[in-house]
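Structural characterization, general
Listed below, chain by chain, are the residues.
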Amino acid sequence: MSQKVRMPVLMKANFDRLIDGATGAAKTCYQAAGSISPDLAVLISCVGRKLVLKQRVEEEVEGVREVLGERTVLTGFYSYGEISPFVPGAKCELHNQTMTITTFSEV
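Reference entry: report on the structure contained in this document. Just so it is clear, the structure is predicted and the values come from calculations on it, not from any experiment.

A separate point is the pattern of salt bridges. Summed over the entire model, instances satisfying the criterion amount to four salt bridges. With a shortest N-O distance of 2.7 Å, D39 and R71 are connected by a salt bridge. Within this pair, whereas D39 is found in the loop between α1 (15–32) and β1 (40–46), its partner R71 is found in the loop between α3 (57–68) and β2 (73–79), the two being separated by 32 residues in sequence. Classification of D39 by relative accessible area gives partly exposed; the value is 29%. If you follow the salt bridges from partner to partner, you end up with D16, R56 and E59 in one network.

So, in structure tokens, the structure goes:
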């Protein structure tokens with residue numbers, strides 16, 4: 001009698017949801033700043049996202065650019081996880097497979 005062996009599924013990526021997540025993070029920043037384009041945005045994306053998205057990784061940055069506007073200077077890097085609040089006012093926690101955006105504006 002033979003038995004079937006089932007392998008666990010560790011992660012199943014959805015490219016559009018990853019890109020939408022980056023755009024959603026940009027919208028949260030934009031709204032928190034009073035819907036005014038910031039002067040600078042620092043994008044910190046998990047290297048796991050880069051490995052999954054491959055050639056589509058540019059779409060994350062393009063989505064952020066569309067929300068924050070052409071005036072905002074974008075910079076960033078890849079990390080192995082981020083420590084930040086998930087929503088404004090929440091405690092800081094370690095996140096993985098995320099895009100963290102910090103914006104700066106001169107008032």
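This part covers the sheet that holds β2. Hydrogen bonds along the backbone pair up the strands of a sheet, which may run parallel or antiparallel. Taken in spatial order, the three strands make up an open sheet running β2-β1-β5, and their pairing is mixed. Lying at the two open borders of the sheet, with one neighbouring strand each, are β2 and β5 (99–104). Neighbour to neighbour, the strand axes of the sheet diverge by 15 degrees on average, direction disregarded. Taken strand by strand, α3 contacts β1, β2 and β5, and its axis lies near 145 degrees from that of β2.

Take unusual backbone geometry next. Phi is mostly negative for residues that are not glycine, and the peptide bonds are mostly trans. Of note, S35 is a non-glycine position whose phi angle comes to about 60 degrees, a positive value. Within the fold, S35 resides in the loop between α1 and β1. For S35, a relative accessible area of 41% corresponds to the partly exposed category.

Parameters at a glance
- Residues numbered from 1 in each chain as written.
- Predicted model: local features only at pLDDT ≥ 70, side-chain atom pairs only at ≥ 80, totals over all residues.
- Heavy atoms only, no water.
- Salt bridge = Lys/Arg side-chain N within 4 Å of Asp/Glu carboxyl O.
- Helix = DSSP H or I, 4+ residues; strand = E, 2+ residues; numbered from the N terminus.
- Buried < 20%, exposed > 50% of the residue type's maximum accessible area, 1.4 Å probe, protein only.
- Pairing = 2+ DSSP bridges.
- Axes fitted to C-alpha atoms, helices over the stretch in contact; angles between N-to-C directions.
- Contact = heavy atoms within 4.5 Å.

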